[in-house]
Amino acid sequence: MEKSCLVDLRQTIEQRCQQPLNLLEFQNATSLQSLRQRLALGEALVGGVRGFEGQGVDRRDLNVHESRDGTVVGGADADAGRVAGDVVVDDARRQIAGLSSVDLSLPDRDYYVNNDARSQEIRKEFLQHVAKMMELAGDSKTASATAAQSILDFETNLSKARLSRTERRDPNKTQNKSNLAGIKTLAPGYDWDGVFKDLGIPAGITVNVSEPELINAFQAQLTSAPVETWKTWMRWRVINDRAAFLSQPFVDERFHFRQTVLSGVKEQQPRWKMCYA
């Protein structure tokens, strides 16, 4: 009896997993037409990433990208950083606002900056992975390869300013109390006044900045990276973050890089198990 119930449950899960994702109005999950529709939807969610002109990148471009992309923490998220609550190191009973970095594509800073054989191999695989994903998204082979290199260079420039994994575990290194005025000196090219207003954060309160040098690097990218680079990177963020919900080629490529290359996992779980999880 118990075995029969488990079989029925598995069949039900499998049937549900094969249904279109009504939430995002995805239909014909494996068709090229559906794939293009999904990517068009993704691009619409970043406020027209392809469309904004070379007037610079402002908080609305970045905020729309992140907040609509499922990575909101504590009410708001932007590529400049993530706003959430931080525990005060010298008084664990208190919490203050905290500004920390969003995750980049590779799971560890060392993969971007180290020159050991493993890190070099990861970067090589990452370039191939991004190019493949961009090609699946409709870019030409040449354009995809160029985009992949641009994305790796962009994220490497940010990663050089990040704390190492060991340093991030040291609360004395990640506790840097500041306020709106102080944050504006770190990245004056970003509309922090608008961010604080959008979040309803009073201008005079204390804010912990976990990685000040990274905010400096963000400012450097705002002033030096071409708008086309920002557009390419934001488009990549959408594709990368939504790959699990796209057609099978995206799912397979995502698994290959994230699980096989980075973790050594050779075989995907059956679809019904992934859906159930």
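One can find the structure itself at the top, above this paragraph.
Residues numbered from 1 in each chain as written. Predicted model: local features only at pLDDT ≥ 70, side-chain atom pairs only at ≥ 80, totals over all residues. Heavy atoms only, no water.

Caption draft 1: Up close: the overall build of the protein. When helices and strands are counted, the protein shows 14 helices and five strands. Here the contacts in the protein between residues at least 6 apart in sequence split such that 65% fall between residues at least 24 apart. Entry remark: accessible area of the protein is about 15400 Å², with carbon and sulfur atoms responsible for 49%. (Helix = DSSP H or I, 4+ residues; strand = E, 2+ residues; numbered from the N terminus. Contact = heavy atoms within 4.5 Å. Areas by Shrake-Rupley, 256 points an atom, 1.4 Å probe, with all protein chains shown as cover.)

Caption draft 2: Helix α13 (residues 248–263), seen in detail. Remark: the principal bend of α13, roughly 30 degrees, maps to histidine 256. Those residues of α13 that sit buried are Phe250, Val251, Glu253, Phe255, Phe257, Thr260, Val261 and Leu262. Positive backbone phi, at 80 degrees, marks glycine 264, one or two positions downstream of α13. (Bend = angle between axes of the 7 residues up to and from the residue. Buried < 20%, exposed > 50% of the residue type's maximum accessible area, 1.4 Å probe, protein only.)

Caption draft 3: Region of interest: the side chain of asparagine 208. Mapped onto the elements of the fold, asparagine 208 is located in strand β5 (residues 207–209). Owing to a relative accessible area of 1%, asparagine 208 belongs among the buried residues under this scheme. There is a polar contact of 3.0 Å between the side chain of asparagine 208 and the backbone oxygen of threonine 174. (Polar contact = N/O pair within 3.5 Å; in protein donor to acceptor, adjacent residues only side chain to side chain.)

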